[in-house]
Amino acid sequence: MILTKHARGNVFLDSDQLENLDLLFDAVKCQTKTLVVVLTPQVLTRIWCAGEIVSAHRNKVPIVSLICSGYEHPDQSQIEAVPSVWTEKQKQTLANFGITMEMVKDAYAYLILLQATVLSRFGSVEEQENTIVSLANQCKMSKRIMVRLTAASTRPRLLITGAVADAEALSVCMVLRNLVQDHIQVETAVMRSPEQLAVAGRYANYLVVVLSKGMLRDPAFANMLLVAEGLERRLEIVTINADSGFEFPSLEFYSELERDCLGSPGLLGSGADLAKAYQSLLSLLALPLSPQASQGLLEKQVSEISRRFRSYATREKGFAADAVADAAVARGQPKSRTASTALDRE
């Protein structure tokens, strides 16, 4: 999405535009000017990624590597061992396309010698966008004119958070932020700390919580939710289920929570406070988001999600909601729940 913003040309994930994976390697061979390999810890163990890298390497398609936090290049012994992670059936799948294990090893040995661009998965939006602009230059893509880098949000009206200490969950939040902001044209920001949320919450109208596996035991998320619950202004909460592995807690979990408070001495409230906040959060109907789906499906899901932001159903209602938030800050008073409800009913 960021590449498309700054550079001309057709930028796509293979899952976005290819209906038949049998055509994937031909698309790399014949229709791709540059293959960007996003290097995360598991990517070299994926047979379809291996096939794409081999197809580009053997057909002299330029390869650009983007190293993400947590990835380390394999050494020669690890490259030799890569085929051992695949079943005989998976190896045969590649063989059916004329790709041997020796070709995979040769392509990986070539890949790790390339000069790479490094992307900090926990970097700021501005840092990441600068990295992607550098990547566009490395891919020799023509730039769009009059396009500015994303500036830090000053008065975001929609806040998004989740298990942001986890790189994958944070990436989902950032993708959702881009899609929602494009869809409803309202300033949106991902919250990564309780301090950040405490400041941004003065002007916001909604808090979007992205549910993912393990997040309810994450003290960083727990503290952000407790800060949100304690804000003078009430934020309307919208929940998104972006992980099929997310499990709603049992009664035993809540009892443990009240007793042990996640085992974290730095929690900004009691176990009882957090249990109540979790119960309130999970009583809301969570809408689905499929982060590994195509961009087309994601946009349809975000369109449904955006209907929850009733204060922004029209530009006029949006302006009114923002005016209420700004006036409350100017007076040093919380936005009344009556005013919020009235705006939603108009």
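Residues numbered from 1 in each chain as written. Predicted model: local features only at pLDDT ≥ 70, side-chain atom pairs only at ≥ 80, totals over all residues. Heavy atoms only, no water.

A. The overall build of the protein chain, seen in detail. Secondary structure assignment for the protein chain yields 16 helices and 8 strands. Each principal axis of the C-alpha atoms in the protein chain carries an extent, and together these give about 65 × 50 × 30 Å. Put simply, the protein chain has 346 residues, and 44% of those count as buried. Here the contacts in the protein chain between residues at least 6 apart in sequence split such that 78% fall between residues at least 24 apart. When the accessible area of the protein chain is evaluated, it comes to approximately 18,600 Å², of which 51% is carbon and sulfur surface. Side-chain charges in the protein chain split into 36 positive and 38 negative, and the spacing between the mean points of these groups amounts to 6 Å. (Helix = DSSP H or I, 4+ residues; strand = E, 2+ residues; numbered from the N terminus. Buried < 20%, exposed > 50% of the residue type's maximum accessible area, 1.4 Å probe, protein only. Contact = heavy atoms within 4.5 Å. Areas by Shrake-Rupley, 256 points an atom, 1.4 Å probe, with all protein chains shown as cover. Lys, Arg positive; Asp, Glu negative; His and termini not counted. Charge placed at Lys NZ, Arg CZ, Asp CG, Glu CD.)

B. Region of interest: the sheet that holds strand β3 (residues 116-119). Strand order across the open sheet formed by 3 strands is β1-β2-β3, with parallel pairing between neighbours. Among the strands making up the open sheet, the edge pair consists of β1 (35-39) and β3. The mean inter-strand angle of the sheet, taken between neighbouring strand axes irrespective of direction, is 25°. In this sheet, β3 lies alongside strand β2 (residues 63-68) in parallel orientation, the contact comprising 4 bridges. Each bridged residue has a counterpart across the sheet, and for Cys 68 the counterpart in β3 is Leu 119. (Pairing = 2+ DSSP bridges. Axes fitted to C-alpha atoms, helices over the stretch in contact; angles between N-to-C directions.)

C. Broad picture of the pairing of β2. By the criterion of burial, β2 is predominantly enclosed, with 6 of the 6 residues buried. Burial along β2 is two-sided: the residues Ile 63, Ser 65 and Ile 67 and Val 64, Leu 66 and Cys 68 are all buried. Here β1 pairs with β2 via 5 bridges, running parallel. Following the sheet pairing, Val 38 is matched in β2 by Leu 66. In this view, the connection linking β1 to its parallel neighbour β2 by way of helix α4 (residues 47-58) has right-handed handedness. (Right-handed = clockwise from strand over helix to strand, strands pointing away.)

D. Fine view of the domain arrangement of the protein chain. According to the domain assignment, the protein chain contains domain 1 (1-10 + 21-139) and domain 2 (158-325). Between the C-alpha centres of domain 1 and domain 2 the distance comes to 32 Å. Taken together, the contact between domain 1 and domain 2 spans 7 residues of the former and 13 residues of the latter. Buried area between domain 1 and domain 2, both sides added, is near 800 Å², and the carbon and sulfur share of it is 59%. Per-residue buried area on domain 1 facing domain 2 is highest for Met 1, Arg 121 and Phe 122; these three make up 74% of the total on that side. Between Glu 168 and Arg 121 there is a salt bridge; the shortest N-O distance is 2.4 Å. Applying the counting rule to domain 1 against domain 2 returns 3 residue pairs in polar contact (both at pLDDT 80 or more). Residues belonging to the side of domain 1 that touches domain 2 are distributed by class as follows: 3 nonpolar, 3 polar and 1 charged. (Domains from an automatic or database assignment. Buried area = accessible area lost by both parts, 1.4 Å probe. Salt bridge = Lys/Arg side-chain N within 4 Å of Asp/Glu carboxyl O. Polar contact = N/O pair within 3.5 Å; in protein donor to acceptor, adjacent residues only side chain to side chain. Nonpolar A, V, L, I, M, F, W, Y, C, P; charged D, E, K, R; others polar.)

E. Looking closely at the packing of helix α12 (residues 251-260) against helix α13 (residues 271-282). In the contact formed by α12 and α13, the axes pass within 7 Å of each other and the chain directions differ by 145°. The handedness of the crossing between α12 and α13 is right-handed. Of α13, the residues touching α12 (which contributes Phe 253, Tyr 254, Leu 257 and Glu 258) are Gly 271, Ala 272, Leu 274, Ala 275, Tyr 278, Gln 279 and Leu 282. (Left-handed = near helix turned anticlockwise from the far one by under 90°.)

F. Examining the side chain of Arg 177 more closely. Note on placement: Arg 177 falls in helix α9 (residues 167-184). Despite its burial, Arg 177 pairs with no opposite charge, the nearest such side chain being Glu 129 at 6.3 Å. Here Thr 188 takes part through its backbone oxygen, which lies 3.1 Å from a polar atom of the side chain of Arg 177. When neighbours within four sequence positions are excluded, Arg 177 is seen to be in contact with Thr 150, Ile 160, Thr 188, Ala 189 and Val 190.

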